[in-house]
Each structure stands twice: as C-alpha cells, then as structure tokens.
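Chain residues, written in single-letter form:
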Amino acid sequence: MFNLNKTIPTPKLWSKKKSQQRRSPFFFLSLFLLSLLFLFFLTFTSIPISLFSSSSSKTTAISLQFPHCEIRISGEKFLWYAPHSGFSNQLSEFKNALLMAGILNRTLIIPPILSHHAIALGSCPKFRVQSPKEIRVSVWDHVIELITSGRYVSMADIIDISSVLSSSHVRAIDSGFLCPRGVCGSLLSGVDGNIDRCLSAVDDDCRTTVWTYGNDEADGVLDSFQPNEQLKKKKKISYVRRRRDVYKTLGPGSKADSATVLAFGTLFTAPYKGSELYIDIQKAPRDSKIQSLIKKIEFLPFVPEILSAGKQFAVQTVKAPFLCAQLRLLDGQFKNHWEATFSGLKQKLDSLSQTGSRPIHVFVMTDLPQGNWTGNYLGDLAKDSTNFKLYFMNKEDLLVTETAKKLALARHGLRSGSSLGGIESTDTVAKLQKHCSPRILPDILLFIEETIRSCGSLGFFGTAGSTIADNIEIMRKFGSCSNQREDHKMM
C-alpha cells in the first residue's frame, strides 16, 4: 500500500499560465456541490434521520438549487481558511480556525499539513502580505499537489482534536472528504467573487482588521497599532486598522451568514506593539461555551501514535534524564544568530555540568546536517564523549517509519467528521480511504522530535524566536510526557 522507496520530487506550484485559465464560477461550483453529494451518498445509509431534523419536522432533506447555488446537508454551514508557512504557524492558525468556527457556529473544513514554507504570507507589521484571495488560490493549488502526489496528510491525522469535537464546542470535517473531487479551489478561493447563498469570501486581512468577540469596546474602533507616517510615505499605503467583532460582522443577520461556505484567508495572529496582528480573542467572559473552547485549544496534543513513539524513544533509547536542545540555524533570520544560539546552549550545559553527573545526555533537534557540525559547537559536543552523549533521530529510523505506517492506517482525519452524523463509520471511512489514502508514508519526524523534547527532565533549550520552541514549551507546560514511565510499563 505504501512505497517506502518512492521519492517524490520537490513540489512545484502550478504555472501562472495554467492558474489564469478561469472557467465559469458555476463550473467549479457544480464540481464542489458534486463533492458534497458524493459524501452524502456514501454516508446516506448510516446517517440517522434525526440529523436532518428541523424544529418543526424530522424529514430528511438535501436541497440543490440553481442559480442560487444553495446546498444544505442538515443545514450545515462551513468555514474554510488558508494556512501558511511551517507547521508551528499552521497549528496556530488551526487553533484560531477552531475558535472562529465555534463563535460563528460553522463546521470547520480541516486542511492538510502544507509543505514547509510552500505558502508565504509576508509581513503584517510591514503591511506587506498576500491578499486573502491570493493566499487562498496558492493554498488550494498546493492542496491539489499534495493529493495528486500522494502526500496528503490532514492536520487531524497529526493533532488530536477528539476532546474538542466530543465536547460539542465545535464541528469539523476533513477536507480529505472532498479529495475525490479536489477541484473546487476556484470556488473556495473566491477568485470569481462571492456567490450568493453559497460562498462568502472574507477579504479583510491584518492590514485593515483585528477581529474581536464580545468585548465592551465599540465595533469598528481604531486599533492601537497603525502604519506610521514614514511607512505610509515609503510604501504609499493608506491602510487603517479597525477592531471589528467577528460575530456581529459575519454571524447571524449578516450577509455572510447566509452563505454555505465562509472562506477566510490566513488566520495567523501574534502579539505586536500592545495589540494583535489579526485576532484578539483571548477570553469570552459573556459566553461560557467559547470561554471553555479557548481553554481547550490552548493545548492540542499530538495523536496517541506520535506521543507513544516519542515517549518510547525517551524511555528505551535515552534511558536517563536528558536535556532537550532545539537549534534552528539555517532558516530565515536564524542563520545569522549562530553565535547567540550556541552561547545560550553552552551556558545551559555548563550549569548542568556543575551540578549533575557525567556524561550529560542531550537530545538534539536541528536543521543543520551532521556533515556540517565540524568546526562549530555541535561538533565539539559530539567529540567530547566523556562529558556529553548526544541523541538525534532520522526519518529513516525504524521507530519513525513504523509510527508513520500506523498513522497512515489510522487515518484520524477521515474520522473527524462525526458532527455530520455517521460518517465516521468504518464502512464509510474505508470507501473514502480508497480515494484518499496516501501513496507514501507521511513525514512525521518533526512531530516525534517535539514529543521527545517535551520529555527532557533536565530542561529545554530552544532557539530564541522559534515557533517550534514555543510549541515545545507549551507541551512541557501541559505535561504531555508526564506519564512516560506508565506508558513504558504498558509497552
């Protein structure tokens, strides 16, 4: 089923010439609706009649109308968004998407994990970003590549969202359900504009909008962070950032609310100069359900297969207390900060050397290939076997490949559509696997490495400013590896 020896060429985005050949929006709309109908007919026999019940009747109904493009499966409304950059940023956006879906009472369409930096957003602080429409088009092009090359891995295949779904805080369905007809990107991207009662594309981005929810401030007030006069003159921009309540703007009573699909661009945000770049919803004191959801999504663990593999390595391979070192040295700004990164790690190890026994066990996670360690601090550590013992992983390691096989067979993502009733059944998932199963094993090395780093009892050292380091700190805060000894007993 999986070809371990198959190599997949570096993905290339579709040529601009091909992407510019636009067809009628109704052509793509028809394909999108056929995708949903495909899902409906696959699952019809196992969907309870009550799923389609309205307040006045319990009749099964699905309506398909043209030209108004309306489709309703149990009256479901969906939310889609366009993630970007590396996994850590994509995970952050995924949490924000769950929050937005919960607030707007929409079913989240879960995206796949995109190739590292296949999609770039730009810089919100510099007001230099891709437009929501542009990034949606780029993301869907890449999604098609992942499907056709057999590299499609859902975010829900890697991140365990069962606690969020089981608590009914939010509903979700994997975009893999649509992969047999993965050609609806023109519709979802909003290339041809909004389509009445079918698609509403959100074209407000971090240059103009900060989304809020249920606070005491007036809707539409100016945000504290605005482009300065120097930037306005240099870039010839005239953006004004306003704080807008997402529920009032896109919720019940709004034009967007009548659309079956609400499509955002990126949902990335970060603190900046006393404000947030795009989403400022840290609490919801007037909405206990959303407040509970905010707490739940603060930490979303990896699926059990990944957690088990990381803990197994810590217990059975390292077999001793160890320090975790995450060294980002080659990517972007980090390639200019080697001295500061190595200096920080040396201080940490010097401190441990004064108080602990030797050798000090260190698990190293870095983007610098071992062949390039010679002549730097990593090379010095590797040679000093008396005082230090280094551990690291490769994607070819047996533990990694065996875990990848388990994940590919588990297909957690295809089971994340239980909110639509019955589509998590074994028979239905098997039918969808026939169309959507990956042809090569997923690349999960990063996720196992992050789990191992959360297990280091001697502490953690991470490159300053790295979002990977931030993820590991959250895992350690919530004790994702606290039961590793008990897990080892059960192995």
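Residues numbered from 1 in each chain as written. Predicted model: local features only at pLDDT ≥ 70, side-chain atom pairs only at ≥ 80, totals over all residues. Heavy atoms only, no water.

Asks: Go over the overall build of the protein chain with me, naming the residues and quoting the values.
Replies: What the protein chain contains, in helices and strands, is 18 helices and 18 strands. Evaluated residue by residue, the protein chain yields a buried proportion of 54% over its 491 residues. The long-range fraction of contacts in the protein chain, counting pairs at least 24 apart against all pairs at least 6 apart in sequence, stands at 79%. (Helix = DSSP H or I, 4+ residues; strand = E, 2+ residues; numbered from the N terminus. Buried < 20%, exposed > 50% of the residue type's maximum accessible area, 1.4 Å probe, protein only. Contact = heavy atoms within 4.5 Å.)

Asks: Break down the packing of aromatic side chains for me, citing the residues and quoting the values.
Replies: Two aromatic rings are characterised by how far apart their centres lie and by the angle between their planes. All told, the structure shown has 13 aromatic pairs when counted by the stated rule. With a centroid separation of 5.1 Å and an interplanar angle of 10°, the aromatic rings of Phe299 and Phe478 are classed as stacked. Residue Phe299 is located in the loop between helix H10 (288–297) and helix H11 (304–318), and its partner Phe478 is located in the loop between helix H17 (467–477) and helix H18 (484–490); the two are separated by 179 residues in the primary sequence. We classify Phe299 as buried; its relative accessible area is 17%. (Phe/Tyr/Trp six-rings, centres within 6.5 Å; stacked < 30°, edge-to-face > 60°.)

Asks: Describe the sheet that holds strand S11 (residues 242–245), and please don't skip the residues or the numbers.
Replies: In a beta sheet, neighbouring strands pair by backbone hydrogen bonds and run either parallel or antiparallel. A sheet is described by the order of its strands in space; here 3 strands give the open sequence S9-S11-S10, paired in mixed fashion. One side of each edge strand has no neighbouring strand; the edge strands of this open sheet are strand S9 (209–212) and strand S10 (221–222). Both S9 and S11 contribute to a ladder of 4 bridges, which runs parallel. Bridging across to S11, Thr209 finds its partner in Arg242. (Pairing = 2+ DSSP bridges.)

Asks: Just give me the short version of H11, but keep the residues and values in it.
Replies: Taking 1.5 Å per residue, 15 residues should reach 21 Å; H11 reaches 20 Å between its end C-alpha atoms and fits that length. Along H11, the residues that are buried comprise Glu305, Ile306, Leu307, Ala309, Gly310, Lys311, Phe313, Ala314, Val315 and Val318. Of the residues trailing H11, Lys319 is marked for its positive phi of about 60°. (Expected span 1.5 Å × (residues − 1).)

Asks: Describe the environment of Arg453, and please don't skip the residues or the numbers.
Replies: Residue placement: Arg453 occurs in helix H16 (residues 445–453). Setting aside residues up to four positions removed in sequence, Arg453 forms contacts with Cys324, Ala325, Gln326, Phe363, Val364, Met365, Phe460, Ile472 and Arg476.

Asks: Break down the sheet that holds strand S16 (residues 360–366) for me, with residues and values.
Replies: Read across the sheet, 4 strands follow the order S17-S16-S15-S18 without closing on themselves; strand pairing throughout is parallel. Taken across any chain shown, the strands that pair with only one partner, and hence form the sheet edges, are strand S17 (388–391) and strand S18 (460–462). The average undirected angle you get between the axes of adjacent strands in this sheet is 20°. Pairing between strand S15 (residues 322–327) and S16: 6 bridges, direction parallel. In the sheet register, Phe322 faces S16, and the bridge partner there is His361. Where H11 meets the sheet, it contacts S15, S16 and S17, and its direction lies at approximately 140° from that of S17. (Axes fitted to C-alpha atoms, helices over the stretch in contact; angles between N-to-C directions.)

Asks: Before we move on, can you summarise the state of the cysteines with the specific residues and values?
Replies: Scanning the entire structure with this criterion turns up 2 disulfides. Residue pairing for Cys124: its cysteine sulfur links by disulfide to Cys206, the two sulfurs lying 2.1 Å apart. Linking Cys124 and Cys206, the disulfide has an S-S dihedral of approximately -90° and is accordingly described as left-handed. Placement of the pair is Cys124 in the loop between strand S5 (122–123) and strand S6 (128–129) and Cys206 in the loop between strand S8 (199–201) and S9, with a sequence separation of 82 residues. (Disulfide = S-S within 2.5 Å.)

Asks: Requested: an account of the nonpolar core, with residues and values cited.
Replies: The biggest cluster of nonpolar side chains holds 101 residues, and the ones touching the most others in it are Phe94, Ile158, Ile159 and Phe264. If you tally residues by element for this core, the top one is helix H3 (residues 87–104), at 10 residues. Here this core spans two domains, and each of domain 1 (78–298) and domain 2 (304–395 + 443–478) adds at least three residues to it. Excluding residues within four positions of it along the chain, Ile159 makes contact with Phe87, Leu91, Phe94, Leu300, Pro301, Phe302 and Val303. (Core = buried A, V, L, I, M, F, W, Y, C linked by side-chain atoms within 4.5 Å. Domains from an automatic or database assignment.)

Asks: For the environment of Leu329, give the residues involved together with the corresponding values.
Replies: One can find Leu329 in the loop between S15 and helix H12 (338–355). Each C-alpha atom of the pair Leu329 and Thr341 lies 8.2 Å from the other, and the pair is 12 residues apart in sequence. Residues within four places of Leu329 in sequence aside, it is in contact with Phe334, Lys335, Trp338, Thr341, Phe342, Thr366, Asp367, Leu368 and Leu378.

Asks: Describe a positive patch on the surface, and please don't skip the residues or the numbers.
Replies: Together, Lys126, Arg128, Lys234 and Lys235 make up a positively charged patch on the protein surface. Here Lys126 is to be found in the loop between S5 and S6. (Patch = residues over 30% accessible without salt bridge, like charges linked within 9 Å, V, L, I, M, F, W, Y side chains within 5 Å. Areas by Shrake-Rupley, 256 points an atom, 1.4 Å probe, with all protein chains shown as cover. Salt bridge = Lys/Arg side-chain N within 4 Å of Asp/Glu carboxyl O. Lys, Arg positive; Asp, Glu negative; His and termini not counted. Charge placed at Lys NZ, Arg CZ, Asp CG, Glu CD.)

Asks: Can you tell me about the packing of H3 against H10, naming the residues and giving the values?
Replies: Packed helix pairs are characterised by how far apart their axes lie and by the angle those axes make with each other. Interhelical geometry of H3 versus H10 gives an angle of 165° and a closest axis separation of 10 Å. When the axis of H3 is compared with that of H10, the two are roughly antiparallel. Once H3 is placed against H10, the crossing between them reads as right-handed. Judged by residue contacts, Lys95, Leu98, Leu99, Gly102 and Ile103 of H3 engage Ile290, Leu293, Ile294 and Ile297 from H10. (Parallel < 35°, antiparallel > 145°, perpendicular 65-115°, else oblique. Left-handed = near helix turned anticlockwise from the far one by under 90°.)

Asks: Outline the confidence of the model for the protein chain, supporting the account with residue identities and numerical values.
Replies: The share of residues in the protein chain with pLDDT of 70 or more is 75%, and the mean pLDDT across the chain is 79. Every residue in residues 36–72 scores below 50 in pLDDT, and together they form 69 contacts with partners more than four places removed in sequence or on other chains. Low pLDDT, under 50, characterises residues 421–425; the stretch is placed with 18 contacts to residues that sit more than four places away or in other chains. (pLDDT = per-residue confidence, 0-100.)

Asks: Please provide a residue-by-residue account of the packing of H11 against H16, values included.
Replies: H16 packs onto H11 with a crossing angle of 55° between their chain directions and a minimal axis gap of 8 Å. Compared by their axis directions, H11 and H16 come out oblique. Here H11 and H16 pass one another in a crossing that is right-handed. On H16, the residues that touch Ile306, Leu307, Ala309, Gly310, Lys311 and Phe313 of H11 are Phe447, Ile448, Thr451 and Ile452. Looking at side-chain class alone, the contact of H11 with H16 contains 7 nonpolar, 2 polar and 1 charged residues. (Nonpolar A, V, L, I, M, F, W, Y, C, P; charged D, E, K, R; others polar.)

Asks: An account of H12 is requested, with residue identities and associated values reported.
Replies: Under the 1.5 Å per step criterion, the end-to-end length of H12 is 26 Å for 18 residues, consistent within 8% with the ideal 26 Å. Listing the buried residues of H12 in full gives Thr341, Phe342, Gly344, Leu345, Leu349, Leu352 and Ser353. Where the residues of H12 are buried, they touch S15, S16, helix H13 (377–383), S17 and S18.

Asks: Describe unusual backbone geometry, listing the residues and the values that go with them.
Replies: Residue Arg358 is joined to Pro359 through a cis peptide bond whose omega torsion reads 0°. The residue Pro359 is located in the loop between H12 and S16 in this model. Notably, Phe127 is not glycine yet its phi reads approximately 55°, a positive angle. Summarising the element assignment, Phe127 is placed in the loop between S5 and S6. A positive phi is found at Arg411, a non-glycine position, where the angle reads about 50°. Relative to the helices and strands, Arg411 is located in the loop between helix H14 (398–410) and helix H15 (426–436).

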